[in-house]
Structure formats: structure tokens, C-alpha cells
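# A look at the structure
Residue strings, one per chain:
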Amino acid sequence: MAKLILNHVSKDFGTGRPAVNGVSLDVREGGFLALLGPSGCGKTTVLRMIAGFEAPSDGAIFLGERLLADPAQSLPPERRNMAMVFQSYALWPHMSVADNVGYPLKVRGVSKDVRRRRICEALDTVRLADLADRRPAELSGGQRQRVALARCLVTQPDVVLLDEPLANLDRHLRQEMEETFREFHQRSGATMVYVTHDQSEAMALATDIAVMSRGELLQVASPQEIYARPEGRLVGSLIGRGAILSLAVPAAAPRKLEWDAICALLGASAPDGGVLADVLVRPEDVRLGGEGAAARVRSSLYEGERYSVTLDLADGQTLRAFSRERPMPGDTVSVTITSAWRL
Amino acid sequence: MHGYVRPGNSQPIWLFPFIASVVVVLSVLPLMRLAVTGIAAFADGGAIEVLFDRTLWSATYFTLVTAIIGTLVSLAIGSLFAFLLTLTDMPARGALSFLFVLPMMIPPQVTALAWVQMSGPSSPLLKALHIAPPLGSPQPLYSVGGIALLYGVQHAPLVYLALRAGLMNVPRDGMEAARLSGASALRTFRDIVLPLALPGMIAGAAIAFVSCIGNFGIPAILGIPASIYTLSTLVFTKFAAFTDRTFGEVAVLSGVIALISVAGLAVQERALGGRDYRILGQSGAAACLPVGRWRFVFLPVLAILLFFMLVAPFLALLAGSLVPAYGVPLTVETLSFHAFEEVLLRQAITRTAFANSLFLAAVTAIGLLVLSVLAGYLLTRRRDAASRMVASLIEIPYALPGIVVAVAFILVFAAPLPVFNVTLYGTIWIILVAYFASFFAVSLKPVVSAYRQLDPALEEAARLAGAGFLTRLRDIMIPLVAPAAGASVILVFLIACNELTVSALLWSAGTQTLGVVIYNLDDSGGSDLASALSVLVVLMVVAMMLLLEAMAKHLPKGAVPWRS
């Protein structure tokens, strides 16, 4: 196994705007990278280029020292020793569960006995050993998902690719499958690339998150880092549910702002000739009540564990907060912002 | 570097050149040759003579008149059945629909033979029922009207199917919305159903027209005795009286047929392409109007029509096969199975025909299956101008009348093949190649629709598993398109087995097909034998259609042509 390297990879389908534009990315050996972004951002195209279903129109993809693809040549998917869990699972309907799982071994010419043993091991790992003789059509969505995962387990792939694997499952099954994926990653130690538009999935699973938008890579970092210190307005608005305020922050100020600084900025007008900066405020950092700035409650939505509150500040900017009690729309409350991040 | 490929392609490099060269042999070469011969005939003046020949113009006239009247008859019968069986809750719709499309699959010369046996002074059936017209009165079907009527019956299913496909798209909620807006049932039909159905109706009429133009069996049996020649029978008689000018003449005649057909096909294309009412949203149920008490009117009407289109001709055919000679009335005393005995056991010619037709049909069906599996993969995976071109080139020989295809292949293969120095003309192989060309599109269609329905991820998963092209073709793709491929085999077998037009021009001693023998037997006065053979053919057709019907629920949509 080795590091997966994308070097200025672009893909243009001839639609006028490149689907992927100059993406450079290193996935460390044994890493679990989540490609996160809204639909149509090019994340699936990146995944399909890594698998070899599409060839980059510019740039190159390497696995360690080995070139996988550049615009002139491409190693076909069948020679890349990768495995993939497809969004539709892509189980072959005419084969039993065991045959589906064992097919990569059969193609590689592994003897029947060894094959049977490894199929059993793989099915045990995903707790499906009892269903080996069933057809995919007889399985539930979660079971099909696990068969697809077992098919990745039987060979020792260099890279495992997952294309929105949980998109077709209900919420309860998702949590269970997230657990299975994490277990699978720890046990196999394979390099994994996981495409999703669901940030909680990405946060829960990945060791690294790469945020994409409109074909470009915006930021790569660990989940904690990307949540606490997002780069730029796009990442700030894509990750979490924060509000972005325009404040006249002095250029010399630190990026992480405390209440004293924010309090002073809230009332202040724009500096002469200076620029307004985007400041991200997470709802969990907004306190209601006590001494602070005045804000009007625009709406409050009950979410079960708490209320999600939308507030209008005196200067018309919007802020989000959480509250245990229900603030009535139209009420005026005072807010304190304990922490904010300049984007 | 070893193992690298040109990017962005899942097909092996040999696939496109292979399919393209097959298409060149089956489509491009014959059609080019036909065009070149036609133009050469013009150049040396021979064609001018043909163009001023009265037989050409009278044949063109009869072709157009019979085709137009036939199309109108098809349109009337086909529309009636389509509206009643698609939009209403008529009882026994499935069975009625199956029976109605049967005539389409029955060889036209058999239809003609059956109708001849059903009418006229010598009809064994009418004689048995004592309602035959007096001896010496003319056979009413040996006329322009007779040919047109049979065209109408034979091709009504084509209108039915095209219209039905359009009507299936009429959503029930669309009609309900019209009713809620205050439109009466009749108004709803006029304002909602008809506009949506019109493209299908026009397309169906155009297909029926083209099929009438190319029909050979019906005008051969009904027209030639009355000296009414259509273009296709004229080509046939020109070959019978072969001169050194024949090639040029038939090339020009085929050109005229092809031009009329292309005009018809262009109308169809326009009808389907220009007025694309894509139905918006997902509408679950198709429209279904309650017929209520009207069914006591409609059901007998449909039943009577089916009786005269299907049951009575078949009974006449059966009667004709059970009498010892044409003109003898069928009674308990005269009834004999002599004709079946002759056809199945004694006559060398019918046994040869069975062997030839079964051989040709089997090899065509299986050979085309292999080609279709490869071509279908190519055409669904590769969506560029070149593959669209290949797809239309495969369609052309199927869309053109069989007589044109036959002439084109004679022109290509009359001379010995270069290099090999063997002549295909006069052997069974020329018929085989022409069948491959004519029925490639028939074989391809179910397979392509099966490929289209496959999730591409199924193949991609196999690629990541390490399977190369042939491995995944064998393990993944073929098992998944197998039901459709099976349907395609049966369909091609069925059509090839009953084919007459192509083989009528291409046969020679020893290579007669069933279609040719039925025609020749009837032509030489052996109508009892021809009838017996026809009865067997009809039974075979029905058996194979029932087989396909039984398979239908495992097949992708559109695989079986008479189901939608």
C-alpha cells in the first residue's frame, strides 16, 4: 500500500465548465478521507477518476510511485487493485451473496478452497454468514450494503472507494453502517476515500475531510480543524450551521475573536476606507440572556433536544442560536457571543 | 508501459472496428452497389427506357393505390382496437390484443392463400357450408381492392402497436383533470386523448404504408393472376425473364421502391420526433375509461372483426388442406390428411424447404445474437457520432423493403468473390447473408433495451473486481441480458422462418425456403399442399408467439414487439 496522490487533476466533459478543476490531494496510507460537498461539486467525478472509470483531462494520479492515469494513458480499473462500494451497491442480481463476494477472487484465479474460506471470513466480518446462499433481491437495503462491503474485504485492495454508500438507507441503519465502516477501516487498514454530501457522516467517519465546491478543492483538514478553523466563506457556510456576520475587524486582530472584541465591533461602523471581514459565529457559541447586545427573535424552531433560534441584530444581520427555553418570535433578547472565527 | 490503455474507454480496441466492418458488409456495400448500378444504368441509357416503360408507371400506380387504401383500412381497424383495448376496461383485453397482432407475424402469402380459400366459387369452406358463389363467378380478391383489403388486415397491428405506445402515455390523471375542468367524456377524448395519440397514429400509418409498399406475398398471390403488378412483383417477374439488362432495370425499380419507402419513413420520423409530448411527472396508472354497457356493442364488433380477420381465414386454410384437390367440397367423405402426409413425409421439395428454412432461421438467430450482444454493448457504452452512424446503418436494411435488400445482395454477390473466387449467388449462403442484414435490427432491439436498463455500476463493479472485457461479458453482462437475448433469438427465428420476399429472389434449385415453396405450390396448382404447409406454419407462429408471451414478464420493456 502507498500514498494516493492527485496532482492538479482536472476533468472537462466539454460542457463549458470543468467538472473538476485543478484538484491536488494527498491521501496518506491508511487514511480515511471524506470528499464533502454539495451535489454537482465534482466529488463523484474525482472518485471515478481514482477508480479509473474516467480519465483526467489534465494532471496526474499516482499510487505511491506508480502512475495510475494522466491525459495520455490510464491504467484500466481492472488492474488498479481497488474496491468500491457503489451508491446503488452494484450487486450482481444473478449471483448468490457468496458468489458476489467471491467474484474478485474468482477473477484472480484463487483456488476454490481458499476462496470459500476468505468468503466466509469476509461475510463473518459484516455478520452476514447466514445469508451466503441468498440472492441480493432477497436482502434488505442494509444487508445489501454489507454484502457490497464484504466484496471489498475479500481482496486486499490498495484503496477502497465509497460513493455515497449511505444515501439510500434510513437514519437508523445509517448509524449502524457508520459503525461498520469505522470498524472495517480500523481492521483492514486500507486507504479509504468516501464521497458524501452529509457533513455529519464525514465528521463521524473520516480522519481527513476535503471540502469541494464547483469543481474546486477548498480545504483539506481533520474534522476538528475544519469545524473550528474553516478557510473562507464557502467552507464556513458549508460546514456546520453557523451564521456569517460582516464586521469591521481590524487587520491586526487575531482570527479567533472573544466577546470583548466582538462586543466592540457589533456597534461599530465600517472603518474609513477599510473592508468588512466575514466572521463565522457558531450557534453553540451564542448565549441568550444576561448582559449583551440586543437582538430580536425572528423565529424559533423546536428540534426535540432544544430550540433553534434565528435572531436579527440591531444592524439587521442574522444570527443563529440554540436555546433550552422557547423564545417567542418578536421578543427582544440580549445575546453574548463567546467565540467567533474570522474567515 | 504495459497494461495502460487510452483513457476513457471500457471497450476493447477491436470491438468498434469489428462491428463497423460487419455493418459495412451487411449495409454499406449492398446499398452502395445498388446505387452505383442504378446510376450506371442511367448513364448507358438503359434506365431511360425503363423510366418510359409503361409497366413501371402502371406498377407504381398500383403500388401507391393499393398501399394508400391498405393504409387507410389498417388505420381504421388498428385505431379502433387501440382505443378500445388501451383506454377502456374492456373484458379480455390481453387475449384480444394477442389475437389482433397475430396477422402481423403470419407470412403474407399465407394470409393471401387463406383469404383466397375463404372466398370465391371454389372455396372448400364456403362449399362445405353451401354458400359458395356459382362456378364461373370471379374470385373477388384478385383485384386492387382485394390486395388493398389484405394489406389493411396484415398491417393493422402495426398501426395498433404504434398508437398503443402513444396511448399508454395518456395519463389517467390528465384525463381526470380534464373532466374536473368541466369537459365531457367526448370533449376529453377530443382535447386530451387525440392530440396525445396523433403522433403515434401518424407513425403507425407511415409504417403500415412502407410495409404495404414492400409487401410481396399478397400482390404475388392476388395480383399476378389478374395481371396487376406492383413494383415488388414487377422486380420478381423481371428476374424470371432474365436478360443482360435485368440488373440495371431492377436497380432502377428498387430505387423507386426505396424512394417511396424513405418518404414514408421520413413521415414517421417527423411524426414521432417533431411532436414529442413528453409526459410530465410520474403518472402511475395509465388511463382507463369504464365502457359500461357499451361493451355489449364493442365486444361483438371486435369479435366479428377478429373472426373475419383471423378465424375464418384459418378455417378456410384448414378446409383447403383437408380436401383432396382444390374445388372439392369438404365433407366427411372427402376429408383426408393426404396433403399433410405429402408435405411432411413424401414430397422431397417440402422436406428440403423445412430443412433450409430451419437451418437459415437457426443460424441467423444465433449468429445475430452474438453480433447483437457485442453491438448492443458498443452502442450503449459509446455514445458518439460514429456509434449513432452504426446504429442507423443497422436499421436501414430492416426499414427498406425486403425486395430492395434482395436486389442489392444479388448485385454484390452475383460475381465471384474476389480472393476466394467462389460465387455466393445461387447458394444458400447468399440468403443467409441477406437475412443477417434484414434482421440485424430485429435482433438488436431487445438486447439494446436490456443493456440500457442495466445499472452501469454493475459492470464497473466487475471491472474493479479485476475482470477484463470478455470475462465480465461472460460473467456479468450476458447473464443479465439473457432474457432479452432469448426473446431476440425466438423473434428472429420466427420471422426468418416465414420469410418470403428476400428468398423469393435469392432461391435456386435446392435452396427453396418454406415461404418460396408455399408460393410455388400454390402457383402450380397444388393449393391443397400449399394450404397444409400454411397450416403448419401458422401453428408454428402461434406456438412461438405464445412462448414469447410466456417469457414476457421476465423481459425488458419493448423486447416483445406486440407488447408495450
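Residues numbered from 1 in each chain as written. Chains lettered and ligands numbered in written order. Predicted model: local features only at pLDDT ≥ 70, side-chain atom pairs only at ≥ 80, totals over all residues. Heavy atoms only, no water.

By the naming in an unreviewed UniProt entry, chain B goes by Iron(III) transport system permease protein and is assigned to Shinella granuli. Under the heading Sequence similarities (unreviewed entry), UniProt records this for chain B: "Belongs to the binding-protein-dependent transport system permease family." (UniProt positions renumbered as here; feature names shortened; annotations may be inferred.)

An unreviewed UniProt entry lists chain A under the name Carbohydrate ABC transporter ATP-binding protein (CUT1 family), with Shinella granuli given as the organism. Note on chain A: under the UniProt heading Sequence similarities (unreviewed entry), the record states "Belongs to the ABC transporter superfamily." Of the comments in the UniProt record for chain A, the one headed Subcellular location (unreviewed entry) reads "Cell inner membrane".

### Here we look at the sheet that holds strand β18 (residues 339–342) of chain A
Residues and elements named next belong to chain A. On the basis of which strands lie adjacent, the open sheet formed by four strands has the order β11-β13-β18-β12 and antiparallel pairing. The open sheet has two edge strands, β11 (243–247) and β12 (256–258), and neither has a second partner. Strand after strand, the sheet turns through a mean of 35° between neighbouring axes, direction not considered. Strand direction decides the pairing type here: β11 and strand β13 (residues 277–281), joined by five bridges, are antiparallel. (Pairing = 2+ DSSP bridges. Helix = DSSP H or I, 4+ residues; strand = E, 2+ residues; numbered from the N terminus. Axes fitted to C-alpha atoms, helices over the stretch in contact; angles between N-to-C directions.)

### Quick word on helix α11 (residues 231–240) of chain B
The element α11(B) is largely enclosed, with a buried count of eight among its ten residues. Every buried residue of α11(B) is accounted for by Leu231(B), Ser232(B), Thr233(B), Leu234(B), Val235(B), Phe236(B), Lys238(B) and Phe239(B). (Buried < 20%, exposed > 50% of the residue type's maximum accessible area, 1.4 Å probe, protein only.)

### Focus on the environment of Trp429(B)
All names here are of chain B. Counting through the fold element by element, Trp429 comes out in helix α18 (residues 428–453). On a C-alpha basis, the gap between Trp429 and Leu506 in space is 9.8 Å, while along the polypeptide they are 77 residues apart. Among all residues touching Trp429, those that are not within four sequence positions of it are Phe359 and Leu424. (Contact = heavy atoms within 4.5 Å.)

### Quick word on the UniProt feature "domain: ABC transporter" (unreviewed entry) in chain A
When the UniProt feature table is mapped to this numbering, "domain: ABC transporter" (unreviewed entry) covers residues 4–239 of chain A. For residues 4–239 of chain A, helix accounts for 36% and strand for 25%, while the C-alpha atoms at its two ends are 25 Å apart.

### Examining the packing of helix α14 (residues 338–346) of chain B against helix α23 (residues 527–551) of chain B
All names here are of chain B. The contact between α14 and α23 brings their axes to 8 Å, and the two run at 75°. When the axis of α14 is compared with that of α23, the two are roughly perpendicular. Between α14 and α23, the contacting residues are Ala339, Phe340, Glu342, Val343 and Leu344 on the first element and Asp528, Leu529, Ala532, Leu533, Val535 and Leu536 on the second. Taken together, the residues that form the contact of α14 with α23 break down as nine nonpolar, no polar and two charged. (Parallel < 35°, antiparallel > 145°, perpendicular 65-115°, else oblique. Nonpolar A, V, L, I, M, F, W, Y, C, P; charged D, E, K, R; others polar.)

### Focus: the domain arrangement of chain A
Assigned domains within chain A: domain 1 (4–229) and domain 2 (241–342). On a C-alpha basis, the centres of domain 1 of chain A and domain 2 of chain A stand 40 Å from each other. (Domains from an automatic or database assignment.)

### Quick notes on the pairing of strand β1 (residues 4–11) of chain A
Remark: a regular strand shows side chains that alternate across the two faces of the sheet. Relative to strand β2 (residues 20–27) of chain A, β1(A) runs antiparallel, the two being bridged by five bridges. The partner of Lys11(A) across the bridge, within β2(A), is Val20(A).

### Side note on the side chain of Ser213(A)
Its place among the elements puts Ser213(A) in strand β9 (residues 208–213). Judged by its relative accessible area of 10%, Ser213(A) is buried.

### A closer look at the side chain of Thr111(B)
All names here are of chain B. Within the element layout of this structure, Thr111 appears in helix α5 (residues 108–118). The exposure class assigned to Thr111 is buried, which follows from its relative accessible area of 9%. Ignoring any residue separated from it by four or fewer positions in sequence, one finds Thr111 in contact with Ile106, Leu150 and Gln154.

### As for the UniProt feature "domain: ABC transmembrane type-1" (unreviewed entry) in chain B
The positions UniProt marks with the feature "domain: ABC transmembrane type-1" (unreviewed entry) are residues 60–268 and 354–548 of chain B. A distance of 22 Å separates the end C-alpha atoms of residues 354–548 of chain B, which is 81% helix and 0% strand.

### Observations concerning the pattern of salt bridges
In total, this model carries 25 salt bridges over all chains according to the counting rule given. Glu164(A) is the salt-bridge partner of Lys43(A), the closest N and O atoms lying 3.6 Å from each other. With Lys43(A) in helix α1 (residues 43–51) and Glu164(A) in the loop between β7 (159–163) and α5 (171–188), the pair connects residues that are 121 residues apart, well separated along the chain. Taken as a pair, Lys43(A) and Glu164(A) share a single burial class, namely buried. A salt bridge links Arg182(A) to Glu179(A), with the nearest nitrogen and oxygen atoms 3.5 Å apart. Residue Arg182(A) and its partner Glu179(A) are located together in helix α5, separated by three residues, close to a single helical turn. Taking relative accessible area as the criterion, Arg182(A) reaches 27% and is therefore assigned partly exposed. A single salt-bridge network, built from bridges that share partners, covers Glu78(A), Arg381(B), Glu459(B), Arg463(B) and Arg472(B). (Salt bridge = Lys/Arg side-chain N within 4 Å of Asp/Glu carboxyl O.)

### Digging into the interface of chain A and chain B
With 33 residues of chain A at the contact, the number on the chain B side is 25 residues. Contact between chain A and chain B buries roughly 2,400 Å² in total, counting both sides, with carbon and sulfur atoms accounting for 63%. When the buried area of chain A at its contact with chain B is split by residue, Glu78(A), Trp92(A) and Tyr103(A) rank highest and sum to 23% of it. The tally of links between chain A and chain B comes to three salt bridges. Measuring nitrogen to oxygen at the nearest pair gives 3.4 Å for the salt bridge that ties Glu78(A) to Arg472(B). Linking chain A to chain B there are eight residue pairs in polar contact (both at pLDDT 80 or more). Of all the secondary-structure elements, those providing two or more residues to the side of chain A that touches chain B are α1, β5 (66–69), β6 (82–85) and α2 (97–107) of chain A. In the side of chain A that touches chain B, the residues fall into 22 nonpolar, four polar and seven charged. (Buried area = accessible area lost by both parts, 1.4 Å probe. Polar contact = N/O pair within 3.5 Å; in protein donor to acceptor, adjacent residues only side chain to side chain.)

### Some thoughts on the sheet that holds strand β4 (residues 58–63) of chain A
All names here are of chain A. Ordered in space as β2-β1-β4-β5, the four strands form an open sheet in which the pairing is antiparallel. Only two strands of the sheet have a single partner each, and these edge strands are β2 and β5. Shown here is a sheet whose adjacent strand axes are inclined to one another by a mean of 25°, direction ignored. One ladder, built from three bridges, connects β4 with β5; its direction is antiparallel. Within β5, the residue paired with Phe62 across the bridge is Leu67.

### Looking at unusual backbone geometry
For residues that are not glycine, phi is negative in most cases, and the peptide bond is trans in most cases. A positive phi angle, near 50°, is found at His8(A), a position not held by glycine. Position of His8(A) relative to the elements: it lies in strand β1. You will see that Ser227(B), though not glycine, has its phi angle at about 55°, which is positive. On the secondary structure map, Ser227(B) appears in the loop between α10 (217–222) and α11.

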